[in-house]
Amino acid sequence: MIPPVDSFVCVLLCLFYGVSSEELLSLNGKWRLLNSNGSVSLPAQVPGCVHSALQQQGVILDPYFRFNDASYRWIALDNWTYTTTFTVSAELRVTQQVRLVFDGVDTVASVSLNGIVVGETDNMFRRYDFSVRHLLKDGDNVLNVALLSPLLYATERRRAHSSYRVPPECPPDVQKGECHVNFIRKEQSSFSWDWGPSFPTLGLWKGVGLEAFDALRLVQVSSVPLYNLSSSQWTVRVELLVDAVQTTDGRVTLSVPELDSEQTFLTRFQPGKNKNSFTLLISTSSRVKLWWPSGHGDQPSYHLTVRGFQDRVLVLSTESKVYFRSVELVQEPLPGSPGLSFYFRINGKPIFLKGSNWIPAHSFQDRVTPAVLRNLLQSAVDVNMNALRVWGGGVYEQDLFYDICDEMGIMVWQDFMFACAMYPTEDDFIQTVREEVVQQVQRLKSHPSVIIWSGNNENEAALATDWFDIPSSQRPTYVKDYVTLYVNNIRKIVQEEDHSRPFLVSSPTNGAESEQEGWVAANPYDPHYGDTHFYSYTLDCWDWRTFPRTRFASEYGFQSWPSFSTLQPVSIPEDWSYDSNFTSHRQHHADGNQQMLLQAGLHFNLPNSTDPLKRFTDTLYITQVMQAQCVKAQTEFYRRSRSEIIEGKGQTMGALYWQLNDIWQAPSWSSIEFGGKWKMLHYFAQSFFAAVLPVGFEDDDTLLIYAVSDLSRDLKLRAVLTVYSWTDLDPVCTLRSDLQPVTGGSAVAIYKQPVAALLAGCGHCTRLTCVLTFRLEEEGGSQQGPTNHHFLCSPRDARGLQTPNITAKVQEDPTGFSVTLHSASVAPFVWLDVGDIAGCFSSNGFLMVSENRTVSFNAWRPTSVAELSASLTVTSLRDVY
Ligand code: BMA
């Protein structure tokens, strides 16, 4: 990684100056950018991309505004050249070796220095370096990076691959995207996706610099702790990727001072780039404090120092963090059931993965700032998530992403960047992928947060269930390509590079069973094995019977629209209706807008205000209500299925809904809008991912309540049910079950009663007139987990639902802002919205069953009572009918 400095920096050991030195010259900063015919010429920031440069110079407007994705298609059809001029010191020129290093080039480029081509690039996920000492001169040096249009390159590669097609050739029309993205090693969603625009970027998306050295330079260091169960012994495998000028014998000292562990190794650095590996024995293994996923313990780290000596002279020195944890993916026969288990054991403890799927946070990666990353990841842990899957159609995230996940205890399921497609296997494609995989595994394997590698997104399923109408006679060709790429290359490299974590070839997959079936299972969605992805937009999401009782749900979800305050800056008044051109342009999933209304219409009255703007904003609201309720139902089903096996299915140990974040302002499956605002679903996640959770559902008109616990300790809990009439804030009746043991890490049925009997014992309630809330209590009455609720009928059919006339008062005290609501009646899905004032409420979208309720507002930027009061709107279900 090139540090962001603009002058020479002696990074190594100026004390030993003259014996061994290494200098970095950052070439980040202002470059010039030119299109192919010279008609566009402008300054451009590096790291950055062409679109960002054009916008910064006012050549284009906000690419996210209205239909600009279509208007700016020309940008990626052109070729662009980045140029910079720099001088180098005499000292740098006399060093033994000078490398020109690119941390990331997007994507296909020819690099030349002082008019001489020094190398080519074809993969945005690789770091490149070129030897340039012989080309440097006194005075100005001119560096050019000539980027080819990614669209023309992909099309050309497709043409060259004439023997058979590699589908899908193009995305569906509704995505308004570009073709043949699978022929270029670039963010696959940058040619459009079902939640994202087509912005095929070009640029120098990571740092550029010169690295000059006399003896050696450290390219990459990794440290991977390994635990030996039989000897209870921790070791740390440290690998140094060293670029040496000549064969050099030396010594390397590794130490973890806090654990009194230090060892010195004799080694030989070979010329060129080579890996030197060492294993440090932790002498005080019993003292090691383990890294735990969020909610299961802390995330302590230790310092690892690495020093390399050559003839007593320090030639390299680096320090990094090391975290100790073990991970196993358990796939074992289940007594009396077909199939295999599928769950993660961290430090020997089975852990239920709760979270979501991560997509690129912006089309232009140069705009994914540390603040954006931190805010999104904080929002994930704030709602009790402990895991995210970095989905294979985006990018391997920047180092900071994984650093934050390490610190916060977020487990990362890391896909390799292949998604929803077949891929070519020409030699040069395989070679560039091999280098990509080696580099990414070396870069990321020190992170305890990364708990699994997975070869691709949905490509096993695409092949198995024939998404692309491949004639059966040709199938063997595609299966062969699949095995070549993911098994014989990627899997093999990962297994050589990383012994510390599991590898799956795809997601979803049947895991060990897929392997048995030649890597492409007949049905990779089989709930008896591995993980599943499941989407149904037409079936009633309130009916848990429609969900697969899977071992592990790595994708499932429903779309919703973002809030008006998120759409407003990229639209104009004529766009603000559910059937405007804008509304359909932003929807990239076929029939998506209709599906949302159909699903919402199963249980809610659809907005029908005569005021067009109110009707639009009410519709946005109802899609969020629908999404929150659907994903809640499905997630609660998975969580309550952790301890049960029914007809061979169950023991679910993961629920990662699709998707956490958004790439732009559009309808999608996300729970967080572009810009960071939480949708109703995200607030719901805080409850449905709580460590202790009551789950209520009906089976044949019998109400069951499960207590789900992710705690390590055992509890004794009872269910407390409160029944309310829609017309009255005073409860109609309260029921209590007996106390029951709930062991740590289990889901237990603790209440069971036919709904008719329940209602008969409770005033004049019927399914249509009443609603119930329930919570879990310990013996002395203390509540464990959130209060949940169960609708006895669709709110559409509820009798007596009143307009609650909610009033709100914003206040500020030393702890922050709060909003106190006053309601005249029971109000479902009460939604507080403060427009574009960034922040989150302590609770939102709730069922209000009391006259007063106070929630706090955590402001992410300075604001005031006056500003909040002026922006605040409160909506509940009855308001949109
Ligand atoms: C899944 C993902 C994505 C997609 C999502 C919603 O299958 O892997 O490809 O965005 O579905 O359709």
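In this text the structure is predicted, and so the values were computed from the model without any measurement. (Residues numbered from 1 in each chain as written. Predicted model: local features only at pLDDT ≥ 70, side-chain atom pairs only at ≥ 80, totals over all residues. Heavy atoms only, no water.)

### Structural notes on the packing of aromatic side chains
Then step 1. Scanning the model with the defined rule gives 58 aromatic pairs in all.
Then step 2. Ring plane angle 80 degrees and centroid distance 6.4 Å describe the contact between Phe 342 and Phe 344, whose orientation is recorded as edge-to-face. A single burial state applies to Phe 342 and to Phe 344, both of which are buried.
Then step 3. Linked through ring pairs, Trp 544, Phe 547, Tyr 556, Phe 637, Tyr 638, Phe 697 and Tyr 706 together constitute an aromatic cluster.
Then step 4. One cation-aromatic arrangement involves Lys 206 over Trp 205; the distance from NZ or CZ to the ring centre is 4.5 Å. (Phe/Tyr/Trp six-rings, centres within 6.5 Å; stacked < 30°, edge-to-face > 60°. Buried < 20%, exposed > 50% of the residue type's maximum accessible area, 1.4 Å probe, protein only. Lys NZ or Arg CZ within 6 Å of the ring centre and 35° of its normal.)

### Digging into the sheet that holds strand β21 (residues 302-310)
Within a sheet, adjacent strands bond to each other through the backbone by hydrogen bonds, running parallel or antiparallel.
Then step 1. Strand order in the open sheet formed by four strands is β19-β18-β21-β22, with antiparallel pairing between adjacent strands. Looking at which strands have only one partner, the edges of the open sheet turn out to be β19 (261-269) and β22 (313-322). Direction aside, neighbouring strands of the sheet carry axes that sit 20 degrees apart on average.
Then step 2. Relative to β19, strand β18 (residues 248-256) is paired through nine bridges, and the arrangement is antiparallel. Residue pairing across strands places Gly 250 opposite Thr 267, the latter belonging to β19. (Pairing = 2+ DSSP bridges. Helix = DSSP H or I, 4+ residues; strand = E, 2+ residues; numbered from the N terminus. Axes fitted to C-alpha atoms, helices over the stretch in contact; angles between N-to-C directions.)

### Some thoughts on the state of the cysteines
Then step 1. The full count for this structure, using the stated rule, is four disulfides.
Then step 2. There is a disulfide in this structure between Cys 170 and Cys 179, and the S-S distance comes to 2.1 Å. Handedness here is read from the sign of the S-S torsion; for Cys 170 and Cys 179, about 105 degrees, the answer is right-handed.
Then step 3. Note on Cys 170: relative accessible area 36%, which makes it partly exposed.
Then step 4. Disulfide partner of Cys 541: Cys 630, at an S-S distance of 2.1 Å. On the S-S bond that ties Cys 541 to Cys 630, the torsion sits near -75 degrees, and the link is left-handed. (Disulfide = S-S within 2.5 Å.)

### A short note on the nonpolar core
Generally speaking, soluble globular proteins have nonpolar side chains that are buried together.
Then step 1. Of all hydrophobic cores here, the largest spans 161 residues; its most connected members are Trp 358, Phe 416 and Ile 490.
Then step 2. The greatest single-element share of this core, amounting to 11 residues, is contributed by helix α15 (residues 612-640).
Then step 3. With residues up to four places along the chain from it excluded, the contact list for Ile 490 reads Phe 416, Phe 418, Val 433, Val 437, Leu 485 and Phe 503.
Then step 4. With 40 residues, the next largest nonpolar core counts Tyr 72, Ile 75, Leu 92 and Leu 136 among its residues. (Core = buried A, V, L, I, M, F, W, Y, C linked by side-chain atoms within 4.5 Å. Contact = heavy atoms within 4.5 Å.)

### Things to note about the environment of Pro 667
Then step 1. Along the chain, Pro 667 falls in the loop between β37 (654-657) and α16 (680-688).
Then step 2. Separated by 525 residues in the primary sequence, Pro 667 and Val 142 have C-alpha atoms spaced 45 Å apart.
Then step 3. Beyond its immediate stretch of four places on either side in the chain, Pro 667 contacts Gln 559, Ser 560, Trp 561, Pro 562, Arg 586, Gln 587, Asn 593 and Met 596.

### A word on the pattern of salt bridges
Then step 1. The tally for this structure, following the rule as stated, stands at 46 salt bridges.
Then step 2. In this structure, the salt-bridge partner of Glu 497 is Lys 445, at a minimum N-O distance of 3.4 Å. Highlighted residues: Glu 497 in helix α10 (residues 475-497) and Lys 445 in the loop between α8 (427-444) and β31 (450-454), separated in sequence by 52 residues.
Then step 3. We classify Lys 445 as buried; its relative accessible area is 2%. (Salt bridge = Lys/Arg side-chain N within 4 Å of Asp/Glu carboxyl O.)

### Topic: the site of the ligand
Then step 1. Surveying the vicinity of the ligand reveals the residues Trp 193, Asp 194, Trp 195, Trp 391, Cys 420, Asn 457, Glu 458, Tyr 535, Glu 555, Trp 658 and Trp 669.
Then step 2. Contact between the ligand and Asp 194: an oxygen atom at 2.5 Å from a side-chain N or O atom of the residue.
Then step 3. Relative to its free-state accessible area of 300 Å², the ligand is covered by the protein chains to the extent of 91%.
Then step 4. Taken together, the residues of the shell around the ligand break down into seven nonpolar, one polar and three charged.
Then step 5. For the shell around the ligand, the two domains that each supply at least three residues are domain 1 (8-210) and domain 3 (355-685). (Near = heavy atom within 4 Å. Polar contact = N/O pair within 3.5 Å; in protein donor to acceptor, adjacent residues only side chain to side chain. Areas by Shrake-Rupley, 256 points an atom, 1.4 Å probe, with all protein chains shown as cover. Nonpolar A, V, L, I, M, F, W, Y, C, P; charged D, E, K, R; others polar. Domains from an automatic or database assignment.)

### A closer look at the layout of surface pockets
Then step 1. There is about 760 Å³ of room inside the second largest pocket.
Then step 2. Around the second largest pocket, the lining is made up of 37 residues, and of these Gln 175, Trp 193, Asp 194, Cys 420 and Trp 467 lie nearest the centre.
Then step 3. Those elements that provide at least two residues to the lining of the second largest pocket are β12 (191-193) and β33 (532-534).
Then step 4. Tallying contributions element by element places β12 first for the lining of the second largest pocket, with three residues.
Then step 5. Residue composition of the lining of the second largest pocket, grouped by class: 23 nonpolar, nine polar and five charged.
Then step 6. Domain assignment of the residues forming the lining of the second largest pocket places at least three in each of domain 1 (8-210) and domain 3 (355-685). (1 Å grid on protein atoms, 1.4 Å probe; cavity = no way out; pocket = protein on both sides within 12 Å on 5 of 7 lines; lining within 4 Å. Points joined across faces, edges and corners; volume = space filled by probe spheres on them.)

### What about the domain arrangement of the chain?
Then step 1. Entries for the chain in the domain assignment read domain 1 (8-210), domain 2 (217-322), domain 3 (355-685), domain 4 (692-797) and domain 5 (807-880).
Then step 2. Centre-to-centre, using C-alpha coordinates, domain 3 lies 31 Å away from domain 4.
Then step 3. Each side of the interface is counted separately: domain 3 has 16 residues, and domain 4 has 20 residues.
Then step 4. For the pair domain 3 and domain 4, the summed buried area comes to about 1,600 Å², and 48% of that belongs to carbon and sulfur atoms.
Then step 5. Counting the surface domain 3 buries against domain 4, the share from its top three residues, Arg 639, Arg 640 and Arg 642, is 35%.
Then step 6. Here domain 3 and domain 4 share three salt bridges between them.
Then step 7. In this assembly, domain 3 and domain 4 are joined by 12 residue pairs in polar contact (both at pLDDT 80 or more).
Then step 8. With five residues, the single largest contributor to the side of domain 3 that touches domain 4 is α15.
Then step 9. Of the residues belonging to the side of domain 3 that touches domain 4, the class tally is four nonpolar, five polar and seven charged. (Buried area = accessible area lost by both parts, 1.4 Å probe.)

### Topic: helix α5 (residues 150-160)
Then step 1. What α5 keeps buried is the set Pro 150, Leu 151, Tyr 153, Ala 154, Arg 157 and Arg 158. The arc enclosing the buried residues of α5, seen along the axis, measures out at 165 degrees, which places them on a common side. Summarising the geometry of α5, the exposed residues directed more than 90 degrees from the buried face are Arg 159 and Ala 160.
Then step 2. Here the buried face of α5 lies against α3 (74-77), β8 (108-113), β9 (116-122), β12 and α8.
Then step 3. The opening residue of α5 is Ser 149, an N-cap whose side-chain oxygen sits 3.2 Å from the backbone nitrogen of Leu 151. (Arc of directions from axis to C-beta.)

### Re the packing of α15 against α16
When two helices pack together, you describe them by how their axes are tilted relative to each other and by the distance separating the axes.
Then step 1. The contact between α15 and α16 brings their axes to 8 Å, and the two run at 25 degrees. The angle between the axes of α15 and α16 places the two elements in the roughly parallel class. As α15 runs across α16, the sense of the crossing is right-handed. Facing α15, whose interface residues are Tyr 621, Gln 624, Val 625, Gln 627, Ala 628, Gln 629, Val 631, Lys 632, Thr 635, Glu 636 and Arg 639, α16 presents Met 680, Leu 681, Phe 684 and Phe 688.
Then step 2. Split into classes, the residues belonging to the contact of α15 with α16 amount to eight nonpolar, four polar and three charged. (Parallel < 35°, antiparallel > 145°, perpendicular 65-115°, else oblique. Left-handed = near helix turned anticlockwise from the far one by under 90°.)

### Notes on α16
Then step 1. Of all nine residues in α16, seven are buried; the element is thus mostly enclosed.
Then step 2. The set of residues buried in α16 consists of Met 680, Leu 681, His 682, Tyr 683, Phe 684, Ala 685 and Phe 688.
Then step 3. Residues of α16 that are buried make contact with α6 (370-382), α15, β37, β38 (692-699), β48 (827-833) and β49 (839-841).

### Brief notes about the environment of Leu 143
Then step 1. Mapping Leu 143 onto the fold places it in strand β11 (residues 141-147).
Then step 2. By relative accessible area, which is 0% here, Leu 143 ends up buried.
Then step 3. Taking the C-alpha atoms as reference, Leu 143 lies 27 Å from Tyr 396; in sequence the two are 253 residues apart.

### Examining the sheet that holds strand β4 (residues 41-46)
Then step 1. Here we have six strands laid out as an open sheet, ordered β4-β3-β6-β11-β8-β9, and antiparallel in their pairing. The open sheet has two free edges, formed respectively by β4 and β9, since each of these has just one partner strand. Strand after strand, the sheet turns through a mean of 25 degrees between neighbouring axes, direction not considered.
Then step 2. Pairing of β8 with β9 involves six bridges; the strand directions are antiparallel. Bridge pairing in β9 places Leu 113 opposite Ile 116.

### Points about the packing of helix α14 (residues 592-601) against α15
Then step 1. Direction vectors running N to C along α14 and α15 enclose 70 degrees, while the axes themselves pass 9 Å from each other. Classed by the angle they form, the pair α14 and α15 counts as roughly perpendicular. Considering only the axes of α14 and α15, their crossing is left-handed. In this structure, α14 uses Met 596, Leu 597, Gln 599 and Ala 600 to contact α15, whose residues at the interface are Thr 619, Ile 622, Thr 623, Met 626 and Cys 630.
Then step 2. Residue composition of the contact of α14 with α15, grouped by class: six nonpolar, three polar and no charged.

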